[in-house]
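Structural features, examined
Take a look at the letters that make up each chain.
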Amino acid sequence: DRNLHDSGTTFTCISLFVSDVRRKIFWRKIMGNQRKKICFAASSGGHLEELSRLSELVEQDDFVFTEKSEFATIGWCKKIVYVPQINRKELLFIFKFIWLFFVAFYVLCKERPGVIVSTGALATYPICVLGKLFGVKIIYIESFARVDHASLTGKLLYRIADVFIVQWKEMLKIYPDAVYGGGIF
């Protein structure tokens, strides 16, 4: 049973998963004995705000992968990788989206995270997909705003995420193999 108790929180769920993954022998055999980085990936705005609620998990080598925004100030992580904002309704969307795959590839090769924790949206899809191909563990948290219908990024990442967390019980009907983690707020 992958559901947590009602009193469980998303923070507790991720914390338990990350701790569990880090201490398992399997993890050490594949990743080595040294602690691996966590990539916290989110688009700007509400997605980044949700991710900031996990700031207690951030350690020295971890980093944030997010869109550049004039409003975003990130005080909870020292290393930040900014990518251009992306909107699928823009005329040059497909070119920007392809460019994000190149940027994500470069970041993954340079930083070598062991886990990617993402709250979406579309700007984080390339790093999650390529991360999966690199053998990185993917934890996806469906948006708190999604109470009864799936997000596009959630639909795309549901099958590849190692742990898929929903914040509302109703979402378990849409994502039956998800983990109910409660609200992140």
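This one's a predicted model, so the numbers in the text were calculated from it and none came from an experiment.

**A look at the packing of helix 4 (residues 93-111) against helix 5 (residues 125-133)**
Where helix 4 contacts helix 5, the axes come no closer than 8 Å and their chain directions differ by 50°. In terms of their interaxial angle, helix 4 and helix 5 are classed as oblique. When the axes of helix 4 and helix 5 are compared, the crossing they make is right-handed. Note on element contacts: helix 5 touches helix 4 through Tyr125, Pro126, Ile127, Leu130 and Gly131, opposite Phe97, Leu100, Phe101, Ala104, Phe105, Val107 and Leu108. Taken together, the residues of the contact of helix 4 with helix 5 sort by class into eleven nonpolar, one polar and no charged.

**Thoughts on the sheet that holds strand 1 (residues 37-42)**
Reading across from one edge, 3-2-1-4-5-6-7 is the order of the seven strands in this open sheet, with parallel pairing throughout. Of all the strands in the sheet, just strand 3 (79-83) and strand 7 (179-180) have a single pairing partner and so form its edges. Pairing between strand 2 (residues 63-67) and strand 3: five bridges, direction parallel. If you follow Thr66 over to strand 3, its bridge partner there is Tyr82. Sitting on the sheet, helix 4 is in contact with strand 1, strand 2, strand 3 and strand 4 (113-120), with an inclination near 170° to strand 2. Running over the sheet, helix 5 touches strand 1, strand 2, strand 4 and strand 5 (137-141) and is turned about 150° from strand 4.

**Side note on helix 5**
Of all nine residues in helix 5, seven are buried; the element is thus mostly enclosed. With its phi angle positive at about 90°, Gly135 sits one or two positions after the end of helix 5.

**Describing helix 4**
Relative to the 27 Å expected for 19 residues at 1.5 Å per residue, helix 4 spans 26 Å between its end C-alpha atoms, a close match to the ideal helical length. Within the span of helix 4, buried status applies to Phe93, Phe97, Leu100, Val103, Ala104, Val107, Leu108 and Glu111. Angular distribution of buried residues about the axis of helix 4 spans 135°; they occupy a single face of the element. Residues of helix 4 that are exposed and angled more than 90 degrees away from the buried face: Phe95, Trp99, Phe102, Tyr106 and Lys110. The secondary structure elements touched by the buried residues of helix 4 are strand 1, strand 2, strand 3, strand 4 and helix 5.

**Overview of the environment of Ile138**
By secondary structure assignment, the location of Ile138 is in strand 5. Measuring from C-alpha to C-alpha, the distance between Ile138 and Asp162 comes to 5.2 Å, with 24 residues separating the pair along the chain. Sequence-distant contacts of Ile138, that is, excluding residues within four places in its chain, are made with Ile116, Cys128, Gly131, Lys132, Ile160, Ala161, Asp162 and Val163.

Cut-offs and rules
- Residues numbered from 1 in each chain as written.
- Predicted model: local features only at pLDDT ≥ 70, side-chain atom pairs only at ≥ 80, totals over all residues.
- Heavy atoms only, no water.
- Axes fitted to C-alpha atoms, helices over the stretch in contact; angles between N-to-C directions.
- Helix = DSSP H or I, 4+ residues; strand = E, 2+ residues; numbered from the N terminus.
- Parallel < 35°, antiparallel > 145°, perpendicular 65-115°, else oblique.
- Left-handed = near helix turned anticlockwise from the far one by under 90°.
- Contact = heavy atoms within 4.5 Å.
- Nonpolar A, V, L, I, M, F, W, Y, C, P; charged D, E, K, R; others polar.
- Pairing = 2+ DSSP bridges.
- Buried < 20%, exposed > 50% of the residue type's maximum accessible area, 1.4 Å probe, protein only.
- Expected span 1.5 Å × (residues − 1).
- Arc of directions from axis to C-beta.

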